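Per-entry structural report
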Amino acid sequence: MKILIIEDDTTNRQYLSKGFTEQGYVVDTAEDGQQGLMLATTEPYRLIVLDRMLPKLEGLALLAALRATGNKTPVIILSALGDVDERIKGLRAGGDDYMVKPFSFAELLIRAQHLMERPSSDSRPSQLSLANLHLDLLAHKARVDDRPMALQPKEFQLLRFLLEHQGQLLTRTLLFESVWDYHFDPGTNVIDVHIARLRKKLQEAGARVHIETVRGAGYRIGPAS
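Each chain carries its own residue numbering, running from 1 in the direction its sequence is written. For a predicted model such as this one, the threshold for reporting local features is a pLDDT of at least 70, and the threshold for listing and counting side-chain atom pairs is 80 or more; totals across whole chains, interfaces and linings nevertheless cover every residue. Hydrogen atoms and water are omitted, and side-chain values are computed over all heavy atoms in the structure.

Quick notes on the packing of aromatic side chains
- Each Phe, Tyr or Trp ring, with Trp reduced to its six-membered ring, pairs with another whose centre is within 6.5 Å; inter-plane angles below 30 degrees give stacked pairs, above 60 give edge-to-face pairs, and intermediate values give tilted ones. All told, the structure shown has four aromatic pairs when counted by the stated rule.
- Pairing Tyr15 with Phe105 gives two aromatic rings, centres 6.0 Å apart and planes at 70°, and the pair type is edge-to-face. Of this pair, Tyr15 sits in helix α1 (residues 10–22) while Phe105 sits in helix α5 (residues 105–117), placing them 90 residues apart in sequence.
- With 5.2 Å between their ring centres and 75° between their planes, Phe20 and Phe105 make a pair best called edge-to-face. Only DSSP runs of H or I covering at least 4 residues are called helices, and only runs of E covering at least 2 are called strands; the numbering of each starts at the N terminus.

Rendered as structure tokens:
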């Protein structure tokens, strides 16, 4: 998979390039907006990592120009501008995700993989399964073996996101943004409450799956040992 990194800071650009290369990706880089737009519109990429503040062509202007050509390559915006209004501007401009500097490369990698693995609308799976747990995404129903399992809408959405990334560590920030559509941490225990409810329902239903808590990091779902 080929990734384009558009970042004017040399240290950050090399850090990102090294990180993705070590994960097996092919990486191109650009150090200003004009060069980045030229590459983005002439080469096929699975993902673009875009700095917000760029010389020659500002990041959101680059993104708007890219989307105007019909290019739908997923874009993660990186920016030191972290308040909610700035995040909204970035997402409205056509960004698929927005991360504030300084950031964790491990979290960036998870978000990048999520975007690159996201199926197109015409190839989206209709079911997800793990061990004897099955989700029908069209009917919004869950079952364990052949027995129905009752879930509240947000519980279903959370379980779906976990199953879409089974085996991967999902941070609280990623869960807030992807399941609750919060682009900030509201400082509540809403995730913990929903995880606890899911665990109880899965156990009572006899599902052979386990939601692991990784202290200080997040959650991961996998088959029960």
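The discussion continues.
Topic: helix α4 (residues 84–92)
- Relative accessibility thresholds used throughout: buried, under 20% of the residue-type maximum; exposed, over 50%; partly exposed, between the two (1.4 Å probe, protein chains only). Burial in α4 covers these residues: Glu86, Arg87 and Gly90. Along the long axis of α4, the arc covered by the buried residues comes to 100°, so they all point the same way. Relative to its buried face, α4 has exposed residues pointing more than 90 degrees away, namely Asp85 and Arg92.
- Contacts were defined at the residue level, with two residues in contact if any of their heavy atoms lie within 4.5 Å. On its buried face, α4 is in contact with α3 (59–68), β4 (75–79), β5 (97–100) and α7 (172–179).
- Of the residues that open α4, the one with a side-chain oxygen 3.1 Å from the backbone nitrogen of Asp85 is Asp83. Directions drawn from the helix axis to the C-beta atoms are what define this arc. The term polar contact refers here to a pair of N or O atoms within 3.5 Å; inside protein, the definition further demands a hydrogen-donor-capable atom paired with an acceptor-capable atom, and it admits residues adjacent in sequence only when both atoms are side-chain atoms.

Comments concerning the packing of helix α2 (residues 33–42) against α3
- With their axes 10 Å apart at the nearest point, α2 and α3 run at an angle of 20° to one another. Regarding the angle of α2 to α3, the classification is roughly parallel. For the pair α2 and α3, the crossing hand works out as right-handed. The residues of α3 that touch α2, namely those facing Gly33, Gly36, Leu37, Ala40 and Thr41, are Leu62, Ala65 and Leu66.
- All amino acids are sorted into three groups, where Ala, Val, Leu, Ile, Met, Phe, Trp, Tyr, Cys and Pro are nonpolar, Asp, Glu, Lys and Arg are charged, and the leftover types, Gly among them, are polar. In terms of residue class, the contact of α2 with α3 is built from five nonpolar, three polar and no charged. For helices, the fitted axis covers only the stretch in contact; all axes are lines through C-alpha atoms, and the angles between them, taken along N-to-C directions, range from 0 to 180 degrees. Geometric relationships in this document are graded by angle, where less than 35 degrees denotes roughly parallel, more than 145 denotes roughly antiparallel, 65 to 115 denotes roughly perpendicular, and other angles denote oblique. For any pair of crossing helices, the crossing counts as left-handed if the nearer helix is rotated counterclockwise from the farther one by less than a right angle, and right-handed if it is rotated clockwise.

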